[in-house]
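# Tertiary structure, described
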Amino acid sequence: MPHLLIFGLGYTAKRIAASAEALGWSVEATGSGGTIDFADRTTVLGVLGRASHVISSVPPDRASGFDPVLDRYGHRFGKAWYGYLSSTGVYGDQKGAWVDESTPTIAETGAGRRNARAEADALWVKLGARVFRLPGIYGPGRSALDRVKTGKARRIDMPGQVFSRVHVDDIVGGVVAALTGNAPKGAYNLGDDFPASGNAVTEYACALLGVDPPKLETLEEADLSEMARGFYAENRRVANGKAKRLLGWKPAYPTYVEGLANLS
């Protein structure tokens, strides 16, 4: 029986765990919803010793820049299959251009934000992991529909600004395809087929809910957090052809239209 160890049982990883268990896999995990204490070195090393597959969804430490999983346990992965949930933020700002897995990351160019994430991404790739680069993740309880309902939705006046996004179920589909299909090592972009503006997504969510969209604001008027402003400072379209070719992956929600309709 395949045995999967997940470091960091968060929003997405919980669904990966459930899907693996449905296939008959044994799953253990660290994190608040997991069964193992990350700091319990003896127990973690014991699980690593019998794990056939390892996935980390733990981001690098913001203060030190170190990846806590690799720093503490990476030397004990052995012959296990291992993967890493990363971010398409590693590509930095591309001024709306398309990027794929051959596009240099900011770890290679030395420009852009999220350098700790890009450095961790590069290290996992170098170690031979399957690295899943994820754009904006949405799904049950975490979507434009929820932001509209809670009054947190914004429309920012930035013509030409686009983002890629992915439904959490499609991440699970891609990761499980890699787990079960002997996927080649390397990076995979798991994003939908239709990069679009945040405004378009918000407006569609409002239409589904039968409410008026929020007013259009400039970036200055919106008074966003530093993290949110950094998000709007980047503009790119993420191509997903490699995942489709090598994983046999096809998003169930190829655009935000199908994805939000499923959640409404």
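Residues numbered from 1 in each chain as written. Predicted model: local features only at pLDDT ≥ 70, side-chain atom pairs only at ≥ 80, totals over all residues. Heavy atoms only, no water.

Applying the stated criterion to the full structure yields seven salt bridges. Residue Arg133 pairs with Asp121 through a salt bridge whose shortest N-O separation is 2.7 Å. Highlighted residues: Arg133 in strand β6 (residues 130-134) and Asp121 in helix α5 (residues 115-126), separated in sequence by twelve residues. Judged on exposure class, the residue Arg133 and its partner Asp121 are both buried. (Salt bridge = Lys/Arg side-chain N within 4 Å of Asp/Glu carboxyl O. Helix = DSSP H or I, 4+ residues; strand = E, 2+ residues; numbered from the N terminus. Buried < 20%, exposed > 50% of the residue type's maximum accessible area, 1.4 Å probe, protein only.)

The subject of this paragraph is the packing of aromatic side chains. One pass over the structure, following the stated rule, counts eleven aromatic pairs. Summarising the aromatic geometry, the rings of Phe163 and Tyr232 are spaced 5.5 Å apart at their centres and angled 85° between planes, so their arrangement reads as edge-to-face. Of the two residues, Phe163 sits in the loop between β8 (155-156) and β9 (165-167) while Tyr232 sits in helix α10 (residues 226-232), which places them 69 residues apart along the sequence. Using a relative accessible area of 8% as the deciding quantity, one classes Phe163 as buried. Under the relative-accessibility criterion, Tyr232 is labelled buried at 16%. In textbook terms, an aromatic cluster arises when at least three aromatic residues are bridged by ring pairs, as seen for Phe77, Tyr82, Tyr84 and Trp124. (Phe/Tyr/Trp six-rings, centres within 6.5 Å; stacked < 30°, edge-to-face > 60°.)

Okay, the sheet that holds β6 next. An order of β2-β1-β3-β4-β6-β10 is seen for the six strands of this open sheet, with the pairing classed as parallel. This sheet does not close on itself; its edge strands, each paired only once, are β2 (26-29) and β10 (186-189). If you compare each strand with its neighbour and ignore which way they point, the axes differ by 20° on average. As paired elements, strand β1 (residues 3-7) and β2 share four bridges and run parallel to each other. Within the sheet, the bridge partner assigned to His3 lies in β2 and is Ser26. Sheet strands in contact with α5 are β3 (53-56), β4 (81-87) and β6, and its direction is about 155° off that of β4. (Pairing = 2+ DSSP bridges. Axes fitted to C-alpha atoms, helices over the stretch in contact; angles between N-to-C directions. Contact = heavy atoms within 4.5 Å.)

Further remarks concern the packing of helix α8 (residues 198-209) against helix α12 (residues 256-263). For the pair α8 and α12, the least separation of the axes is 10 Å and the interaxial angle reads 35°. Note on packing geometry: the crossing formed by α8 with α12 is right-handed. Residues Ala200, Val201, Tyr204, Ala205 and Leu208 of α8 form the contact with α12, whose own contacting residues are Tyr256, Val257, Leu260 and Ala261. Broken down by class, the residue content of the contact of α8 with α12 amounts to nine nonpolar, no polar and no charged. (Left-handed = near helix turned anticlockwise from the far one by under 90°. Nonpolar A, V, L, I, M, F, W, Y, C, P; charged D, E, K, R; others polar.)

What follows covers the side chain of Glu101. Topologically, Glu101 is positioned in the loop between β5 (98-99) and α4 (106-109). No salt bridge is formed by the buried Glu101. Its closest oppositely charged neighbour is Lys242, at 5.5 Å. A polar contact of 2.7 Å, which involves the side chain of Glu101, links it to the backbone nitrogen of Asn189. Contact partners of Glu101, with chain neighbours within four places excluded, come to Tyr91, Arg133, Ala187, Tyr188, Asn189, Ala239 and Lys242. (Lys, Arg positive; Asp, Glu negative; His and termini not counted. Polar contact = N/O pair within 3.5 Å; in protein donor to acceptor, adjacent residues only side chain to side chain.)

What follows concerns the environment of Glu28. Within the element layout of this structure, Glu28 appears in strand β2. On the basis of relative accessible area, Glu28 is assigned to the buried category, the value being 17%. Put simply, Glu28 and Leu9 are 19 residues apart on the chain and 9.4 Å apart in space, counted from C-alpha to C-alpha. A polar atom in the side chain of Glu28 sits 2.8 Å from the side chain of His3.

Looking now at the environment of Arg50. With respect to the helices and strands, Arg50 occurs in helix α2 (residues 41-50). In sequence terms Arg50 and Ala80 are 30 residues apart; their C-alpha atoms lie 8.9 Å from each other.

On to a nonpolar patch on the surface, then. A cluster of nonpolar side chains, contributed by Leu208, Leu209 and Val211, occupies part of the molecular surface with about 200 Å² of accessible area. One can find Leu208 in helix α8. (Patch = residues over 30% accessible without salt bridge, like charges linked within 9 Å, V, L, I, M, F, W, Y side chains within 5 Å. Areas by Shrake-Rupley, 256 points an atom, 1.4 Å probe, with all protein chains shown as cover.)

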